Amino acid sequence: MSGPQQITVLGATGSIGLSTLDVIARHPERYQVFALSGFTRLSELLALCIRHVPQFAVVPEVAAARGLQDDLRAAGLPTRVLVGEEGLCQVASAPEVDAVMAAIVGAAGLRPTLAAVQAGKKILLANKEALVMSGALFMQAVHKSGSVLLPIDSEHNAIFQCMPQDFSRGLGAVGVRRILLTASGGPFRQTPMSELAHVSPDQACAHPNWSMGRKISVDSASMMNKGLELIEACWLFDAKPSQVEVVIHPQSVIHSLVDYVDGSVLAQLGNPDMRTPIANALAWPERIDSGVAPLDLFAVARLDFEAPDEQRFPCLRLARQAAEAGNSAPAMLNAANEVAVAAFLDGRVGYLEIASIIEDVLNLEPVVALEDLDAVFTADAKARILAEQWLNRHGR
Ligand code: NDP
Ligand code: MG
């Protein structure tokens, strides 16, 4: 081996970013941090730079960059600070880099992630929104550059582990009948429907099994997260939406399953800790210690399953419809959801209005083909404007 692999962590200050750095720090002989990015949590970014001594750090704007550069110099570090999307794309595609952890949340991660894909890097994909928005173009770019795309989302990483290595030949060709995508059901699985109108952002973010950033936590509560994951699974495994079934499994111990034509069903199990899929993708096809405790099946004791209720979780229905419509529908769904979730977290709308906003946006705008990246961002921008108009119309 020619020295440690150089890793760029986009979204280093977030939940996935920190878990990634925890795994990396356990294996200094294998991995070295090349670059880290942050957005608002810049004192945390400074602390991460002091700990991991990257060559580059990326922040959103010039004034913040100056401040961080001064602090880094004062700490005697050689780290250079870059700015904005251009800086993110630069550290994602730099020739020295072996792998990029794409862990920026939302549409903001698309361009840097694609820059890493186009440069042929190994991509550790947590930023599902990037793939949901630009699915066909993203996968074309992966095939063209020969980039290795490894899913970090726990469900997709589980599916990846349960698939035969040659699954890219097509699910039918490798004997796969269905993908069973598990979901915890989130904090509102059993909340009386009459109370849902009044649940708070903090209640929505109190996930029973996983500790995550606030946007994905709200998505998990509404099950839009599972909807985005359904679309993500279709692109990663070349599946039709009808081949992906969502199964509620409240314990979050089985991370997903693959159903084969001979009746075999393979599952991946583990404690709900993102360091497992992160370590799996970092070391693939080898295995390394992730710091995650061994699964204690006696403590788990039982595994339950139930069908999702689309009355309770309308976002799941909307996402399935968008998956079936294809083209611009998933990008519009994602953008409307980002605006609606931000408005919910800001206290501008109630929880139930998240689905109303998304449904109205999708009904207002016809589905169009997405020929190129500009068309993706146009669809994204249109959906954001329509969602903002919804907020204005309703006096929010
Ligand atoms: P967090 O909110 O914890 O972290 C998001 C990261 O993105 C932070 O580093 C944040 O910087 C940065 N960021 C936010 N907005 C921007 C922007 N506009 N431009 C550049 N950087 C930005 O989210 P998570 O870590 O929970 O999730 C990250 C991604 O991983 C999401 O796409 C999510 O769906 C996916 N994922 C997460 C899982 C989890 O367990 N957390 C599980 C599966 C998938 P800062 O904090 O400095 O503001
Ligand atoms: Mg997931």
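**So, the coordination of the magnesium ion (ligand 2)**
Argument step 1. The coordination sphere of the magnesium ion (ligand 2), as far as protein atoms go, consists of Asp153 (OD), Glu155 (OE) and Glu229 (OE), spread over 2.1 Å.
Argument step 2. Spacing between the donor residues of the magnesium ion (ligand 2) along their common chain follows D-x1-E-x73-E. Of this pair, glutamate 155 sits in helix H7 (residues 154-162) while glutamate 229 is found in helix H10 (residues 224-237), placing the two residues 74 residues apart along the sequence. The burial state of glutamate 155 is the same as that of glutamate 229; both residues are buried.

**With respect to empty space enclosed by the protein**
To find the voids left in a structure, one rolls a probe of water-molecule size over its atoms.
Argument step 1. The full count for this structure, using the stated rule, is 2 cavities of 30 Å³ or more.
Argument step 2. One number sums up the size of the largest cavity: a volume of about 70 Å³.
Argument step 3. Lining the largest cavity are Ser222, Arg312, Phe313, Pro314, Cys315, Tyr351, Leu352, Ile354 and Ala355.
Argument step 4. Those elements giving two or more residues to the lining of the largest cavity turn out to be helix H13 (314-325) and helix H15 (351-364).
Argument step 5. Taken together, the residues that form the lining of the largest cavity break down as 7 nonpolar, 1 polar and 1 charged.
Argument step 6. Two domains share the lining of the largest cavity, each providing at least three of its residues, namely domain 2 (153-325) and domain 3 (327-396).
Argument step 7. In terms of lining, the second largest cavity is formed by Ser154, Trp210, His255, Gln268, Asn271, Asp273, Thr276 and Pro277.

**Quick look at the side chain of histidine 156**
Argument step 1. Structurally, the position occupied by histidine 156 is in helix H7.
Argument step 2. Among the polar contacts listed, one links the side chain of histidine 156 to the side chain of glutamate 232, at a separation of 3.3 Å.

**Overview of the sheet that holds strand S7 (residues 149-151)**
Note: strands within a sheet are paired through backbone hydrogen bonds, in either parallel or antiparallel orientation.
Argument step 1. If you trace the 7 strands from one edge of the open sheet to the other, you get S4-S3-S2-S1-S5-S6-S7, paired in parallel fashion. What marks the edges here is a single partner per strand, and that holds for strand S4 (80-83) and S7. Strand-to-strand, the axes of this sheet are offset by a mean angle of 25°, without reference to chain direction.
Argument step 2. Bridge count for strand S1 (residues 5-10) against strand S2 (residues 31-37) is 5 bridges, and the pairing is parallel. Residue pairing across strands places glutamine 5 opposite tyrosine 31, the latter belonging to S2.
Argument step 3. Running at roughly 125° to S4, helix H4 (residues 84-93) makes contact with S1, S2, strand S3 (56-59), S4 and strand S5 (99-102) of the sheet.

**Thoughts on the layout of surface pockets**
Argument step 1. Roughly 680 Å³ of internal volume is contained in the second largest pocket.
Argument step 2. Lining the second largest pocket are 26 residues, with Leu149, Phe160, Gln165, Phe167 and Ser168 sitting closest to its centre.
Argument step 3. With 4 residues, H10 is the largest single contributor of residues to the lining of the second largest pocket.
Argument step 4. Looking at the lining of the second largest pocket residue by residue, the class counts come to 16 nonpolar, 7 polar and 3 charged.
Argument step 5. Residues from two domains meet in the lining of the second largest pocket; each of domain 1 (5-151) and domain 2 (153-325) gives at least three.

Analysis parameters
- Residues numbered from 1 in each chain as written.
- Chains lettered and ligands numbered in written order.
- Predicted model: local features only at pLDDT ≥ 70, side-chain atom pairs only at ≥ 80, totals over all residues.
- Heavy atoms only, no water.
- Donors = N, O, S within 2.8 Å, 3.2 Å for Na, K, Ca; no water.
- Helix = DSSP H or I, 4+ residues; strand = E, 2+ residues; numbered from the N terminus.
- Buried < 20%, exposed > 50% of the residue type's maximum accessible area, 1.4 Å probe, protein only.
- 1 Å grid on protein atoms, 1.4 Å probe; cavity = no way out; pocket = protein on both sides within 12 Å on 5 of 7 lines; lining within 4 Å.
- Points joined across faces, edges and corners; volume = space filled by probe spheres on them.
- Nonpolar A, V, L, I, M, F, W, Y, C, P; charged D, E, K, R; others polar.
- Domains from an automatic or database assignment.
- Polar contact = N/O pair within 3.5 Å; in protein donor to acceptor, adjacent residues only side chain to side chain.
- Pairing = 2+ DSSP bridges.
- Axes fitted to C-alpha atoms, helices over the stretch in contact; angles between N-to-C directions.
- Contact = heavy atoms within 4.5 Å.

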